[in-house]
Amino acid sequence: MNNAWLIRPYPHKKPRLSEFLSQKIIAIGWPCIGDLTSKSREELKETLSAPPYGYEGLVLGNAYATIDIFVNQMAIGDLLLMPNGDDIYLGRISGDYYLDPSVDNDKSGYSHQRKAEWIRNTSRKELSKELRSSLKVHRTAANLSHHYAEIDGLIHGRAAAVSAPSKTDTIDVSYPLRPDYNVSFRIPTDITLEEARRLSAYFASLYFKD
């Protein structure tokens, strides 16, 4: 069964939309750590813990989880959704992971690549509210397979089915509390700043003394 993935065109925190489209690729950052083919999550963790990155804690967890998605979980035929402002680019993965040594440096920084077929672009307003909410995740790559049918429809020019309105629209949030532990909870999509502050204060009260 094929999956669908979010990918952002900012490897190594540099805009690479034009390269993604013209070279028909997707890529992530973290240059100068070599070819990651077949490396397990634990091996990725060890690589990122060592120089030149020396990550630890939450930063380490987010980094190796993202790289694991790109290297080990993505597959040929999977669907892609790439947001860039209000523009949404849609496509399909067409190649396995590989290292491009010509850009494996701090200046370029997008050496971990896959080939991709870019099929269609649309605007953010054409997405369902649920899919737009899923794009709020602040990650370079994320799983959107629960929106596979809608993304496939968008690629083929079919409008998204309109969901029946609910009393309160919600979004499921997953927060990486520890490198190997996510906290999941549900919040209303129209949460206010004051409500967010109260929620933060509640979480701050949840701890156990030694």
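Our subject is the structure listed above.
Attention in this report is confined to the structure presented alongside it. (Residues numbered from 1 in each chain as written. Predicted model: local features only at pLDDT ≥ 70, side-chain atom pairs only at ≥ 80, totals over all residues. Heavy atoms only, no water.)

What about the overall build of the protein chain?
Part 1: Broken down by element type, the protein chain carries six helices and nine strands.
Part 2: Over its C-alpha trace the protein chain gives a radius of gyration of 18 Å, about what one expects of a compact globule, namely 17 Å for 210 residues.
Part 3: Over its C-alpha atoms, taken along the principal directions, the protein chain stretches across nearly 55 × 50 × 30 Å.
Part 4: Scored against the burial criterion, the 210 residues of the protein chain give a buried share of 39%. (Helix = DSSP H or I, 4+ residues; strand = E, 2+ residues; numbered from the N terminus. Rg over C-alpha atoms; globule rule 2.2 N^0.38 Å. Buried < 20%, exposed > 50% of the residue type's maximum accessible area, 1.4 Å probe, protein only.)

Let's talk about the side chain of Ser134
Part 1: Structurally, Ser134 is set in helix α4 (residues 129-134).
Part 2: Here His147 takes part through its side chain, which lies 2.8 Å from a polar atom of the side chain of Ser134. (Polar contact = N/O pair within 3.5 Å; in protein donor to acceptor, adjacent residues only side chain to side chain.)

A closer look at the packing of aromatic side chains
Part 1: Going through the model one piece at a time under the given rule, you end up with two aromatic pairs.
Part 2: Each ring, one from Phe70 and one from Tyr97, has its centre 6.5 Å from the other, and the planes form 90°; the classification is edge-to-face. Separated by 27 residues along the polypeptide, Phe70 in helix α3 (residues 57-73) and Tyr97 in the loop between β4 (87-93) and β5 (98-99) bring together distant segments of the chain. (Phe/Tyr/Trp six-rings, centres within 6.5 Å; stacked < 30°, edge-to-face > 60°.)

Re the pattern of salt bridges
Part 1: Inspection of the entire model under this criterion finds four salt bridges.
Part 2: With a closest N to O distance of 3.4 Å, Asp68 and Arg41 form a salt bridge. Of the two residues, Asp68 is situated in helix α3 and Arg41 in helix α2 (residues 41-49); the sequence distance between them amounts to 27 residues.
Part 3: What makes Asp68 buried here is its relative accessible area of 6%. (Salt bridge = Lys/Arg side-chain N within 4 Å of Asp/Glu carboxyl O.)

Describing the layout of surface pockets
Part 1: Size it by volume and the second largest pocket reaches roughly 260 Å³.
Part 2: Lining the second largest pocket are Val173, Tyr175, Leu177, Val183, Phe185, Ile187, Ile191, Ala196, Leu199, Ser200, Phe203 and Leu206.
Part 3: Contributions of two or more residues to the lining of the second largest pocket are made by β8 (170-178), β9 (181-188) and α6 (193-204).
Part 4: The leading source of residues in the lining of the second largest pocket is α6, at four residues.
Part 5: In the lining of the second largest pocket, the residues fall into eleven nonpolar, one polar and no charged. (1 Å grid on protein atoms, 1.4 Å probe; cavity = no way out; pocket = protein on both sides within 12 Å on 5 of 7 lines; lining within 4 Å. Points joined across faces, edges and corners; volume = space filled by probe spheres on them. Nonpolar A, V, L, I, M, F, W, Y, C, P; charged D, E, K, R; others polar.)

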